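# Inside the fold
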Amino acid sequence: MTFLLSPDGKVFMNFDNGPDTLLKYRPKILVEMGKRYGIEFTEAEQREFEKYPSAMGVPIMQIKEFLANRDGNARKEMQVGLPMDSADNQLAMWILCARQVNPNIQACIKGDSKTKFPVVKKVLDILQEKNVKRFSLITSLEAAKINLEEIQQ
């Protein structure tokens, strides 16, 4: 599972199907999340969720509408980030469901230098709360110009 942290404080999440795509973890995670919120997902919705090519930041109560919508701009507008407040911590529930479906799932956090620390800390706190103690941090590096002549001297 990868958490993408945007500079404006939104959190998006993506799940890998694992080393064997036949395991189909993504739709299983969606079904498990639906059980927590009293939402049943059709086979078509599960397939749409499975093939969605990137991270998602749609509140669970709007995910059916998101999956049914074919308009890319409308889908983009629905990407408001995952709720992670104390009243409705959907990020924590996604983590819990993902770990129930795949206990070996690994966590990665991706952000950049513009991501504010309080957002990173909040995600780290939620991971700790859900007993995820190991994770990878992914950052983007600045390109550096290398002058071979200077190095060789």
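Relevant structure appears above.
One structure accompanies this document, and this report is about it. In this text, all values refer to a predicted model and were calculated from it rather than measured experimentally.

Considering all chains together, one arrives at 9 salt bridges under this definition. In this structure, Lys 24 and Glu 50 form a salt bridge, with 3.4 Å as the shortest nitrogen-oxygen distance. Residue Lys 24 is found in the loop between strand S2 (11–14) and helix H1 (25–37), and its partner Glu 50 is found in helix H2 (residues 43–51); the two are separated by 26 residues along the sequence. Since its relative accessible area comes to 17%, Glu 50 is described here as buried. The salt bridge partner of Glu 48 is Arg 70, with a shortest N-O separation of 3.4 Å. Placement of Glu 48 in helix H2 and of Arg 70 in the loop between helix H3 (63–68) and helix H4 (72–78) is noted, with a sequence separation of 22 residues between them. Glu 48 gets classed as buried once you look at its relative accessible area, which sits at 10%. Among the charged side chains, a network of salt bridges with common partners joins Glu 48, Lys 51, Arg 70 and Arg 75.

Before going further, it helps to examine the layout of surface pockets. The volume enclosed by the largest pocket comes to roughly 150 Å³. As for the largest pocket, its lining consists of Met 1, Arg 99, Pro 103, Ile 105, Gln 106, Ala 107, Val 132, Lys 133, Arg 134, Phe 135 and Ser 136.

Tracing the sequence through the fold places Thr 115 in the loop between strand S3 (107–110) and helix H6 (117–129). For Thr 115, a relative accessible area of 11% puts it in the buried group. When residues no more than four places from it in sequence are discounted, the contact partners of Thr 115 are Leu 5, Ser 6, Pro 7 and Val 120. At 3.3 Å, the side chain of Thr 115 forms a polar contact with the backbone oxygen of Leu 5.

Look at any regular strand and the pattern is simple: side chains alternate between the two faces of the sheet. Side chains Phe 3 and Leu 5 project from strand S1 (residues 2–5) onto a buried face, and the interleaved Thr 2 and Leu 4 project onto a face without burial. Here S1 runs beside S2; their pairing, made up of 4 bridges, is antiparallel. Bridging across to S2, Phe 3 finds its partner in Met 13. The turn linking S1 back onto S2 is made up of 5 residues, and Gly 9 within it adopts a positive phi angle of 90°. Both S1 and S3 contribute to a ladder of 3 bridges, which runs parallel. Pairing of Phe 3 across the sheet is with Ile 109, part of S3.

What counts as what
- Residues numbered from 1 in each chain as written.
- Predicted model: local features only at pLDDT ≥ 70, side-chain atom pairs only at ≥ 80, totals over all residues.
- Heavy atoms only, no water.
- Salt bridge = Lys/Arg side-chain N within 4 Å of Asp/Glu carboxyl O.
- Helix = DSSP H or I, 4+ residues; strand = E, 2+ residues; numbered from the N terminus.
- Buried < 20%, exposed > 50% of the residue type's maximum accessible area, 1.4 Å probe, protein only.
- 1 Å grid on protein atoms, 1.4 Å probe; cavity = no way out; pocket = protein on both sides within 12 Å on 5 of 7 lines; lining within 4 Å.
- Points joined across faces, edges and corners; volume = space filled by probe spheres on them.
- Contact = heavy atoms within 4.5 Å.
- Polar contact = N/O pair within 3.5 Å; in protein donor to acceptor, adjacent residues only side chain to side chain.
- Pairing = 2+ DSSP bridges.

That is the geometry; function is a separate question.
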